[in-house]
Amino acid sequence: MKQKICSYCQKYLDNFRKKPLKAAIILLMQILFLLGWGLFYFFLYRMYTVIVIPGQTLPVENIYAETFFTLLVTIVFSYCFYRFFKILFSNRRSLQSKISVMLGSVICAFVLLALWNSVRALPMFSQDVDRAFWAQNDI
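Procedures and definitions
Residues numbered from 1 in each chain as written. Predicted model: local features only at pLDDT ≥ 70, side-chain atom pairs only at ≥ 80, totals over all residues. Heavy atoms only, no water. Salt bridge = Lys/Arg side-chain N within 4 Å of Asp/Glu carboxyl O. Helix = DSSP H or I, 4+ residues; strand = E, 2+ residues; numbered from the N terminus. Buried < 20%, exposed > 50% of the residue type's maximum accessible area, 1.4 Å probe, protein only. Expected span 1.5 Å × (residues − 1). Contact = heavy atoms within 4.5 Å. Phe/Tyr/Trp six-rings, centres within 6.5 Å; stacked < 30°, edge-to-face > 60°. Axes fitted to C-alpha atoms, helices over the stretch in contact; angles between N-to-C directions. Parallel < 35°, antiparallel > 145°, perpendicular 65-115°, else oblique. Left-handed = near helix turned anticlockwise from the far one by under 90°. Nonpolar A, V, L, I, M, F, W, Y, C, P; charged D, E, K, R; others polar.

A short note on the pattern of salt bridges
Close approach of charged atoms lets side chains of opposite charge pair.
Then step 1. This structure, assessed with the given rule, holds one salt bridge.
Then step 2. Between Arg17 and Asp14 there is a salt bridge, and its shortest N-O distance comes to 3.2 Å. Remark: Asp14 and Arg17 occur in helix H1 (residues 2–18); sequence separation between them is three residues, near one turn of the helix.
Then step 3. For Asp14, a relative accessible area of 26% gives the class partly exposed.

Structure (structure tokens):
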């Protein structure tokens, strides 16, 4: 494992020595990628800590639909993150494939925004089940 990490870092530094502009662009893309997906995972963290784990939502929403949607978004977009991460942080991939990964990440962000706004209009989200069975009762 240590040899793999050292060889990866060595190839990364060699790329900076051979083609500094291309390597700087790739490094910038990697930083933007991590910031964007970090924002997404912070959003998921807030969803889990505010709605899913406490088991409460607004009185006009359905907690079970909200939980299912959050879990589904977590699974699907984590798979996308894993696939994109492998391509973007590979030393063997071309610049064009890394740019397509960045474009795919932007598309994922717009898809999530569209899903988030459109799914809320579905009837199953407005069935007024605001407390889940795992929510603590206030006695």
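Observations regarding helix H2 (residues 20–52)
Then step 1. In this model, H2 (33 residues) spans 46 Å end to end at C-alpha, consistent with the 48 Å of a helix rising 1.5 Å per residue.
Then step 2. The complete set of buried residues in H2 reads Ala23, Ile26, Met29, Gln30, Phe33, Trp37, Phe40, Leu44, Met47, Tyr48, Ile51 and Val52.

Here's the deal with the environment of Phe133
Then step 1. Position of Phe133 relative to the elements: it lies in the segment after helix H4 (95–119).
Then step 2. Judged by relative accessible area, Phe133 falls into the exposed class, the value being 68%.

What about the side chain of Lys98?
Then step 1. Inspection of the secondary structure assignment puts Lys98 in helix H4.
Then step 2. Ignoring anything within four residues of it in the chain, the contact list for Lys98 reads Ile26, Met29, Ile87, Leu88, Ser90 and Arg93.

Overview of the packing of aromatic side chains
Aromatic rings in a pair are described by how distant their centres are and how their planes are angled relative to each other.
Then step 1. Under the definition given, this model contains 15 aromatic pairs.
Then step 2. Ring centres of Phe33 and Trp37 lie 6.2 Å apart, and the angle between their planes is 55 degrees; this geometry places the pair in the tilted category. Placement of the pair is Phe33 and Trp37 together in helix H2, with a separation of four residues, close to one helical turn.
Then step 3. Both rings, one in Tyr64 and one in Trp134, keep their centres 6.0 Å apart while their planes meet at 75 degrees; by these two values the pair is edge-to-face. Residue Tyr64 is found in helix H3 (residues 63–88), and its partner Trp134 is found in the segment after H4; the two are separated by 70 residues along the sequence.
Then step 4. Note on Tyr64: relative accessible area 36%, which makes it partly exposed.
Then step 5. In this structure Trp134 comes out as partly exposed when scored by relative accessible area, which is 31%.
Then step 6. What links up through ring pairs into an aromatic cluster is the set Phe33, Trp37, Phe40, Tyr41, Phe77, Phe81, Phe85 and Phe89.

Regarding the packing of H2 against H3
Describing two packed helices takes the angle between their axes plus the distance from one axis to the other.
Then step 1. Axis separation between H2 and H3 bottoms out at 11 Å; the angle between their running directions is 160 degrees. Considered as vectors, H2 and H3 are oriented roughly antiparallel to each other. In the crossing of H2 with H3, the sense of the turn from one axis to the other is left-handed.
Then step 2. Looking at side-chain class alone, the contact of H2 with H3 contains 20 nonpolar, five polar and one charged residues.

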